[in-house]
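Letter by letter, the chains look like this.
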Amino acid sequence: MIEVRDLVKTFAEHRGDSVKAVERVSFKVEDGRFYTLLGPSGCGKTTTLRCIAGLEKPDSGEIEVSGAKVYSSINGTFVPAYRRPIGMVFQSYAIWPHLTVFENVAFPLRVGKHRFRNEEVRKKVGNALEQVELGDLGERMATQLSGGQQQRLALARALVREPQVLLLDEPLSNLDAKLRERMRVELRELQRRLRITTLYVTHDQIEALSMSNVIAVMSAGVIVQEGLPRDIYMRPRTQFVAQFIGSTNQLGGRLLRVQGEGLGVVRTEVGEIACGLMNDLSPGADVVVVVRPESIVLHRKRPAETINVVEGKVATVMFLGEYLDCSIELGKNVLQTHQPHSLQLRRGETLWVELPPGACMALPSENSSKES
């Protein structure tokens, strides 16, 4: 288990100013779970990970790893990195090119305070290599491995000390797209098999959505939303989360009325839109209605259902194999939509665009909050 409470970390700039990289971040990773910190560059996710690893000393807060307090500003506790029960894989892998696969994995056992006998080292390294399916490559030089094999080698080195927690900092970012897709599956299956508590840091939404039990989206040093991958994607709580996680369409408007719990009607430039309501919104509030491209339904004839149905015109059509990527003009607004590749669409064609109420969400407009 990992528990972080009110973590704060600042860095000094060369001009003497300070920048808060992490601002009172709190979260908990349950035993055996795969928890992801997701966000753009500079949001504080890697700094948070490095604080947990003991590579950075926070300004304040508390960190517990597997029930042991490894940092506390209250009583001055700071356990150095080498004494924390963690394994870590860096973005660059940090593999020794002049050592064999075996010696790379054995390195943490040879440099630690606890000295292992040669027989113990062979056994532990062999087990770690078998876990990542490199058992027959121990004598090969590390530079002779493929990108995916080097990634698994870095994992084996992190696992050889049998840590209680695994920390992964953008471990797939250096791989090509096809290999990255395969390694997502392999890494997640390895974590499930070992049932090791894992904290994963990435800016890649697909990695986060496909691998995680829980995702925490970070922005400007704070966690702006935490939840299951499906909830993060389908029910974003802020305009930032809606923009950052996958593709989304946004229509600015004003909330006209609330209709029952969690439902309302928004006046937009394309007409009145019935939708779900996120957060505590009141009539008159400036909002943004968000809808995912794959949720939009196109009709050649006006459907009998008239709620959230708007006339539009096909602006562009791109065949991407799995689907058609289309842009639809609704007056001055343009919506992006993904449609079945079997659908025959022509540029300039007039269609009826349905925005299903259950797939539309009204969020507080961040532009209006900034202006006020």
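Just above sits the structure.
Residues numbered from 1 in each chain as written. Predicted model: local features only at pLDDT ≥ 70, side-chain atom pairs only at ≥ 80, totals over all residues. Heavy atoms only, no water.

J.: How would you explain the pairing of strand 18 (residues 323-330) if you had to name every residue and give the values?
T.: Burial analysis of strand 18 places six of its eight residues in the buried class, which makes it a mostly covered element. Across six bridges, strand 17 (residues 309-319) lies against strand 18 in antiparallel orientation. Across the sheet, the residue bridging to T316 is S327, located in strand 18. Counted between consecutive antiparallel strands, the loop separating strand 17 from strand 18 contains three residues, among which G321 sits at a positive phi close to 85 degrees. By the bridge criterion, eight bridges tie strand 18 to strand 19 (residues 333-340) in an arrangement that is antiparallel. (Buried < 20%, exposed > 50% of the residue type's maximum accessible area, 1.4 Å probe, protein only. Helix = DSSP H or I, 4+ residues; strand = E, 2+ residues; numbered from the N terminus. Pairing = 2+ DSSP bridges.)

J.: Outline the packing of aromatic side chains, listing residues and values.
T.: By the definition in use, this model includes five aromatic pairs. The interplanar angle of 15 degrees and the centroid separation of 5.1 Å between the aromatic rings of F27 and Y35 together place this pair among those described as stacked. When the ring centre of F78 is taken as reference, the NZ or CZ atom of K57 above it lies at 5.4 Å. Across the ring face of Y233, the terminal group of R292 is positioned such that the distance to the ring centre comes to 4.1 Å. (Phe/Tyr/Trp six-rings, centres within 6.5 Å; stacked < 30°, edge-to-face > 60°. Lys NZ or Arg CZ within 6 Å of the ring centre and 35° of its normal.)

J.: Pulling in residues and values, what's your account of the sheet that holds strand 7 (residues 86-89)?
T.: Ordered by their spatial adjacency, six strands build an open sheet running 7-8-9-3-10-11, and the pairing between neighbours is mixed. This sheet does not close on itself; its edge strands, each paired only once, are strand 7 and strand 11 (222-227). Across the sheet, the axes of successive neighbouring strands diverge by a mean angle of 20 degrees, strand direction being ignored. Helix 4 (residues 147-159) rests against strand 7 and strand 8 (165-169) of the sheet, and its axis sits at about 165 degrees to strand 7. (Axes fitted to C-alpha atoms, helices over the stretch in contact; angles between N-to-C directions. Contact = heavy atoms within 4.5 Å.)

J.: Outline helix 4, listing residues and values.
T.: Every α-helix winds through 3.6 residues per turn, so residues three or four apart in the chain are directed the same way. With 13 residues, helix 4 ought to run about 18 Å at 1.5 Å a step, and its terminal C-alpha atoms sit 19 Å apart, in line with that. A large share of helix 4 lies buried, amounting to eleven of its 13 residues. Every buried residue of helix 4 is listed here: G148, Q149, Q151, R152, L153, A154, L155, A156, R157, A158 and L159. Check the buried side of helix 4 and you find it contacts strand 7, helix 2 (101-111), helix 3 (118-131), strand 8 and helix 5 (177-194). (Expected span 1.5 Å × (residues − 1).)

J.: Could you give an account of the pairing of strand 14 (residues 271-277), with specific residues and numbers?
T.: Every regular strand shows the same layout, with side chains that alternate between the two sheet faces. Burial analysis of strand 14 places five of its seven residues in the buried class, which makes it a mostly covered element. The pairing of strand 13 (residues 263-268) with strand 14 spans six bridges and is antiparallel. Paired with V265 across the bridge in strand 14 is A274. Adjacent in sequence and paired antiparallel, strand 13 and strand 14 are bridged by two residues. When strand 14 meets strand 21 (residues 361-364), the two strands line up parallel, connected through two bridges. Counterpart to G276 in the pairing with strand 21 is M361.

J.: Hey, could you go over the environment of V214 for me, with residue numbers and the actual values?
T.: Turning to its location among the elements, V214 is positioned in strand 10 (residues 214-219). When the C-alpha positions of V214 and E226 are compared, they lie 7.1 Å apart, and in sequence the two are twelve residues distant. Leaving out residues up to four positions away in the same chain, V214 has contacts with F34, Y35, T36, E226 and G227.

J.: Help me get a handle on the sheet that holds strand 18, residues and values and all.
T.: Sheet architecture is open: five strands sit in the order 16-20-17-18-19, paired in antiparallel fashion. Every interior strand has two partners, whereas the edge strands, strand 16 (297-299) and strand 19, have only one. The average undirected angle you get between the axes of adjacent strands in this sheet is 45 degrees.

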